[in-house]
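Take a look at the letters that make up each chain.
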Amino acid sequence: MLSYEESLKILKETKALIEGHFILSSGLHSPKYVQCAQLLSKPKKASRVCISLAEKIKLAFKDFDLILSPAMGGIVIGYEIGRILNKETIFSERVNGEFKLRRDFMIKKNNKVLIIEDVITTGKSSIECSQLVDAVGAKIVGYACIIDRSNGKSLIKNKIISQIKLEIPTYNKENLPK
């Protein structure tokens, strides 16, 4: 498995993690910005991260049937982890602001489902995906992501398996550090 330092180096090399002064879509300010699409656009480096994450997933979740990822950010990572672990992988999409299964994707009753995203901050997308699982009587075995930047404050109450945890501060306009 990749170490924290090796993972951080790859994120910086691929520009999936950049430093500066960023105004986020929430209006908050941050000294760091995460964009996993940059990592996933470099297949050799992304493969190293995904293989490492897949090893962690195998240790944490011994038995599951299906991977569910939220579109857009979770599609590639979900697929790659599914390929590595030889698990069926589907994704949900927002339709009128609400996650739905489309494209004849199905979650069967009693399926054991792992939800995978690229980045978990608030956990909102993962929680919305979990509602699709609950609605059909399937079971969520857990959650996984490349980057967990929730600082333990996500809506997800289960353990989150991540390749790397990053504590990235955010600030209101009124309390920006110098």
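Quick summary incoming for the structure in this document. (Residues numbered from 1 in each chain as written. Predicted model: local features only at pLDDT ≥ 70, side-chain atom pairs only at ≥ 80, totals over all residues. Heavy atoms only, no water.)

**Points about the pairing of strand β4 (residues 88-95)**
One ladder, built from 5 bridges, connects strand β3 (residues 66-70) with β4; its direction is parallel. Note on β4: the bridge partner recorded for L68 is I90. Between β3 and its parallel partner β4, the chain crosses via helix α4 (residues 73-85), and the hand of that crossover is right-handed. Relative to strand β5 (residues 98-101), β4 runs antiparallel, the two being bridged by 4 bridges. In the strand pairing of β5, V95 is matched with E98. (Pairing = 2+ DSSP bridges. Helix = DSSP H or I, 4+ residues; strand = E, 2+ residues; numbered from the N terminus. Right-handed = clockwise from strand over helix to strand, strands pointing away.)

**A closer look at the pattern of salt bridges**
All told, the structure shown has 10 salt bridges when counted by the stated rule. K100 serves as the salt-bridge partner of E98, at 3.2 Å between the closest nitrogen and oxygen. K100 gets classed as partly exposed once you look at its relative accessible area, which sits at 34%. (Salt bridge = Lys/Arg side-chain N within 4 Å of Asp/Glu carboxyl O. Buried < 20%, exposed > 50% of the residue type's maximum accessible area, 1.4 Å probe, protein only.)

**Quick look at the nonpolar core**
Core analysis: the largest hydrophobic core is formed by 32 residues, its most contacted members being I57, I81, I146 and I147. Sorting the residues of this core by element identifies α1 (4-13), α2 (36-40), α3 (43-60), α4, β6 (112-120), β7 (139-148) and β8 (160-165) as the ones contributing at least two each. When residues in this core are grouped by element, the largest group, 6 residues, is from α3. I57 has contacts with F64, I81, L85, L114, I116, A144 and I161, leaving out every residue within four places of it along the chain. Ranked by size, the runner-up nonpolar core spans 17 residues in total, among them I90, I115, I140 and I160. (Core = buried A, V, L, I, M, F, W, Y, C linked by side-chain atoms within 4.5 Å. Contact = heavy atoms within 4.5 Å.)

**Topic: α1**
For α1, the full list of buried residues reads S7, L8, I10 and L11. End-on, the buried residues of α1 take up no more than an arc of 160°, which puts them together on one face. The exposed set on the far side of α1, more than 90 degrees from its buried face, consists of E5 and K9. Elements in contact with the buried residues of α1: β1 (17-23), α2, α3, β7 and β8. Backbone geometry just downstream of α1 places K15 in the positive-phi region, at approximately 65°. (Arc of directions from axis to C-beta.)

**Quick notes on the packing of aromatic side chains**
Each aromatic ring pair is described using two quantities: the centre-to-centre distance and the angle formed by the ring planes. Going through the model one piece at a time under the given rule, you end up with 2 aromatic pairs. Both rings, one in F91 and one in F105, keep their centres 5.1 Å apart while their planes meet at 75°; by these two values the pair is edge-to-face. You can see F91 sitting in strand β4 and its partner F105 sitting in the loop between β5 and β6, a full 14 residues away along the chain. Of the residues examined, F91 reaches a relative accessible area of 17% and is grouped as buried. Overall, F105 belongs to the partly exposed group, its relative accessible area being 23%. Residue placement shows K87 over the ring face of F64; its charged tip is 4.8 Å from the ring centre. Taking the ring centre of F99 as reference, the NZ or CZ of R94 above it sits at 4.2 Å. (Phe/Tyr/Trp six-rings, centres within 6.5 Å; stacked < 30°, edge-to-face > 60°. Lys NZ or Arg CZ within 6 Å of the ring centre and 35° of its normal.)

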